[in-house]
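Residue-level structural notes
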Amino acid sequence: MSMTDFKNFYFPGKPVNEDVVMVLRRHKMALANKLFIFVLGGLAPIVVYTLVVTYTVLLDDDTSLIFIIIVLLAGIYYLYIILFMYHAWVDYYLDIWIITEERIIATEQKGLFNREVSELRLSRIQDVSCVVKGFFPTIFKYGSIHVQTASESDRFNFGEVPNAVEVSRKILALHEKLVNKNMGSTKQHTRTE
Amino acid sequence: MSISPFIFLMVYAVAALIFVVLASMNFYHVIRFGHLRAPSIIVSLIFLVLTVTIVLTTFGQLSSVIWDENIPLNIIINLPFTADVDDGF
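Residues numbered from 1 in each chain as written. Chains lettered and ligands numbered in written order. Predicted model: local features only at pLDDT ≥ 70, side-chain atom pairs only at ≥ 80, totals over all residues. Heavy atoms only, no water.

1. Examining the overall build of chain B
Keep this limit in mind: Think of it this way: any DSSP run of H or I at least four residues long counts as a helix, any run of E at least two long counts as a strand, and we number them from the N terminus.
A count of helical and extended segments in chain B gives four helices and two strands. Along chain B, from the amino end to the carboxyl end, the secondary structure elements read β-α-α-β-α-α.

2. Things to note about the environment of Ser24(B)
Residues and elements named next belong to chain B. Inclusion rule: Exposed residues in this analysis have more than 50% of their type's maximum accessible area, buried residues have under 20%, and partly exposed residues fall in between, with area computed by a 1.4 Å probe over protein chains only. Think of a polar contact as two N or O atoms within 3.5 Å of one another; within protein, one of them needs to be a possible hydrogen donor and the other a possible acceptor, and neighboring residues in sequence only count if both atoms come from side chains.
With respect to the helices, strands and loops of the structure, Ser24 is situated in helix H1 (residues 6-34). Note on Ser24: relative accessible area 37%, which makes it partly exposed. A polar atom in the side chain of Ser24 sits 2.6 Å from the backbone oxygen of Val20.

3. Considering helix H1 (residues 28-55) of chain A
For clarity, the threshold we go by: By this rule, a helix spans an expected 1.5 Å times one less than how many residues it contains.
A rise of 1.5 Å per residue sets the reference length of H1(A), with its 28 residues, at 40 Å; its end C-alpha atoms lie 40 Å apart and thus fit the reference within 8%. Regarding H1(A), the residues found buried are Met29(A), Ala30(A), Leu31(A), Gly41(A), Gly42(A) and Val52(A).

4. Side note on the pairing of strand E6 (residues 142-149) of chain A
Within a regular beta strand, the side chains point alternately toward one face of the sheet and then the other, so they alternate between its two faces. Residue and element names in this part refer to chain A. In plain terms, the rule: Between any two strands, pairing holds if DSSP finds at least two bridges.
Within E6, six of the eight residues are buried, which leaves it mostly tucked inside the rest of the structure. With six bridges joining them, strand E5 (residues 125-131) and E6 adopt antiparallel strand pairing. Within the sheet, the bridge partner assigned to Ser129 lies in E6 and is His146. Note that E6 and strand E7 (residues 156-162) share five bridges and pair antiparallel.

5. Here's the deal with the interface of chain A and chain B
What counts is decided by this rule: Note on definitions: a residue-residue contact is assigned when non-hydrogen atoms from the two residues lie within 4.5 Å. The quantity reported as buried area is the accessible area (1.4 Å probe) lost by two parts once they are put together, taken as the sum for both. Take a side-chain nitrogen of Lys or Arg and a carboxyl oxygen of Asp or Glu: if they are within 4 Å of each other, that pair is a salt bridge. Charged means Asp, Glu, Lys or Arg here, nonpolar means Ala, Val, Leu, Ile, Met, Phe, Trp, Tyr, Cys or Pro, and polar covers whatever is left, Gly included.
Contacts between the two partners involve 32 residues from chain A, matched on the other side by 41 residues from chain B. Carbon and sulfur atoms make up 81% of the area that chain A and chain B hide from each other, which totals about 3500 Å². It is Leu65(A), Leu72(A) and Tyr86(A) in chain A that bury the most area against chain B; as a group they hold 20% of the surface buried on that side. Run the count over chain A and chain B and you get zero salt bridges. The interface formed by chain A and chain B holds four residue pairs in polar contact (both at pLDDT 80 or more) in total. Of the residues forming the side of chain A that touches chain B, the biggest block, 20 residues, is contributed by helix H2 (residues 65-94) of chain A. For the side of chain A that touches chain B, the class distribution of residues is 23 nonpolar, six polar and three charged.

6. What to know about the packing of aromatic side chains
What counts, and what does not: Stacked, tilted and edge-to-face pairs are distinguished by plane angle, under 30 degrees for stacked and over 60 for edge-to-face with tilted covering the rest, among Phe, Tyr and Trp rings (Trp via its six-membered ring) whose centres lie within 6.5 Å. Definition used: whenever NZ (Lys) or CZ (Arg) falls within 6 Å of the ring centre and also within 35 degrees of the ring normal, the charge is taken to sit over that ring.
Counted according to the given criterion, the structure contains 15 aromatic pairs over all chains. Between Tyr86(A) and Trp89(A) the ring centres are 6.4 Å apart and the planes differ by 15°, which places this aromatic pair in the stacked class. Here Tyr86(A) pairs with Trp89(A), and both are found in helix H2, just three residues apart, close to one helical turn. Each member of the pair Tyr86(A) and Trp89(A) is classed as buried. Between Tyr86(A) and Phe47(B), the aromatic rings sit 4.3 Å apart at their centres with planes inclined by 10°, giving stacked as the arrangement. In this pair, Tyr86(A) sits in helix H2 while Phe47(B) sits in helix H2 (residues 38-61), so the two residues belong to two different chains. With a relative accessible area of 3%, Tyr86(A) lands in the buried category. Judged by relative accessible area, which is 4%, Phe47(B) ranks as buried. Clustering of aromatic rings is evident, with ring pairs tying together Phe38(A), Tyr80(A), Phe84(A), Tyr86(A), Trp89(A), Tyr93(A), Phe19(B), Phe27(B) and Phe47(B). If you follow Arg26(A) out to its NZ or CZ, it ends over the ring of Phe158(A), 5.3 Å from the centre. Sitting over the face of the ring of Phe33(B), Arg115(A) holds its NZ or CZ atom 3.7 Å from the ring centroid.

7. Quick notes on the packing of H1(B) against H2(B)
Residues and elements named next belong to chain B. Quick reminder of the rule: Interaxial angles span 0 to 180 degrees and are taken between N-to-C directions of axes, which are lines fitted to C-alpha atoms, for helices over the stretch in contact. In what follows, roughly perpendicular refers to angles from 65 to 115 degrees, roughly parallel to angles under 35, roughly antiparallel to angles over 145, and oblique to any angle outside these ranges.
Look at H1 against H2: their axes get within 11 Å of each other, and the N-to-C directions meet at 170°. Here H2 runs roughly antiparallel to H1, going by the angle between their axes. Residues Leu9, Tyr12, Phe19, Ala23, Phe27, Val30 and Gly34 of H1 lie in contact with H2, whose contacting residues are Ser40, Ser44, Phe47, Leu48, Thr51, Val55, Thr58 and Phe59. The residue inventory of the contact of H1 with H2, partitioned by class, reads ten nonpolar, five polar and no charged.

8. Some words on the side chain of Ser4(B)
All names here are of chain B. Topologically, Ser4 is positioned in the loop between strand E1 (2-3) and H1. For Ser4, a relative accessible area of 17% gives the class buried. Only 3.4 Å separates the side chain of Ser4 from the backbone oxygen of Trp67, close enough to count as a polar contact. What Ser4 contacts, discounting residues up to four positions off in sequence, is Trp67 and Asn70.

9. Considerations on the layout of surface pockets
Rule in force here: Here a cavity means grid points, on a 1 Å grid over the protein atoms only, where a 1.4 Å probe fits yet cannot get out; a pocket means an open set of points with protein on both sides within 12 Å along at least five of seven lines; lining residues are those with an atom within 4 Å of a point. Grid points are joined across faces, edges and corners, and a volume is the space filled by probe spheres set on the points.
In this structure, the largest pocket occupies an estimated 620 Å³ of space. Surrounding the largest pocket, 22 residues form its lining, Tyr49(A), Val71(A), Ala74(A), Gly75(A) and Tyr78(A) being those nearest its centre. Contributing elements (two or more residues each) for the lining of the largest pocket: H1 and H2 of chain A together with H2 of chain B. In terms of residues, the lining of the largest pocket owes the most to one element, H2(A), which gives nine residues.

Right, here's the structure in full:
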C-alpha cells in the first residue's frame, strides 16, 4: 500500500464528491512467492537437459524421434510456465481494494472465469481485525484484514495486504469519522426541526 | 515400424491452441479490467515476447526435421547407452 494522494483516482461508478483514501493491492512478496515456484519449475528441465546431454547420447541426433518429442514437450512446458506466471501477475494486478471516505470496494479475480466485486459501507462496519502470520509476512509486514459488518454473517476478507495493522487502524478511523459526521448531521437536523 | 513426427507436431498444435485460448482470456481480463495502464502493457508485452521467443527457439531446434518423413521407432529402443546396459547383462 502506498499512502499517496488518491483524490484523482478514478474507478467505474465513482461519485464526484467521494474521495478515494487508499488503494490496496496484495504485497509484492505474495506475487514473488508464486513466481519463484514457477522459476524453479523452469530451471528443473534445464538441469535435467544438462545431465542428459553430458552423460548420454540421447539428444545427439537432432532428427531422432526422441529429440523431436523432447524439444516439443520442452517448448509446451515453457509456454505453460510463462502462461501461469502471467496469470499469477494478472490475478495479483486485478485484485484491488479501493477505500473511499464512505465505502470499501473489493474486486477479486478468482481464476479465469470468476470475478467478484463486493462493496461495503463504512458505516456498517462492526469490527476490523488483522492477522500477520508466518515468517515472510512478519519480515515484510503484510497480513490479512477481516472486516465484520453489522448485518452480514460472512466477513469481508483481504489477504496479504501491506502494512495490515496500519490499514486496519485507518479503516476504523474512517468508520469513526463517518459515524461522528452522521451523528452530527442528525443532531443538526433535529435542532432545525 | 515407423512413425511420422507430424503426429507429435499435431499434439503440440493442440496444446498450443489451448495456450492461446488461456492467454487470450488473460489478455481480455487485463484489457477489460486493468484499463491498459503502463504496468499491464509492459507485462503483457514481456509475456508476448517470451512466447514468441519460446516458439521460435522450439522450431529453430527442429529446423532439420522433415515432418512428412517417417522415422523408425527402433531409434528409441536401440539407443547406444541402453544397448551398453544390455551388453553388460
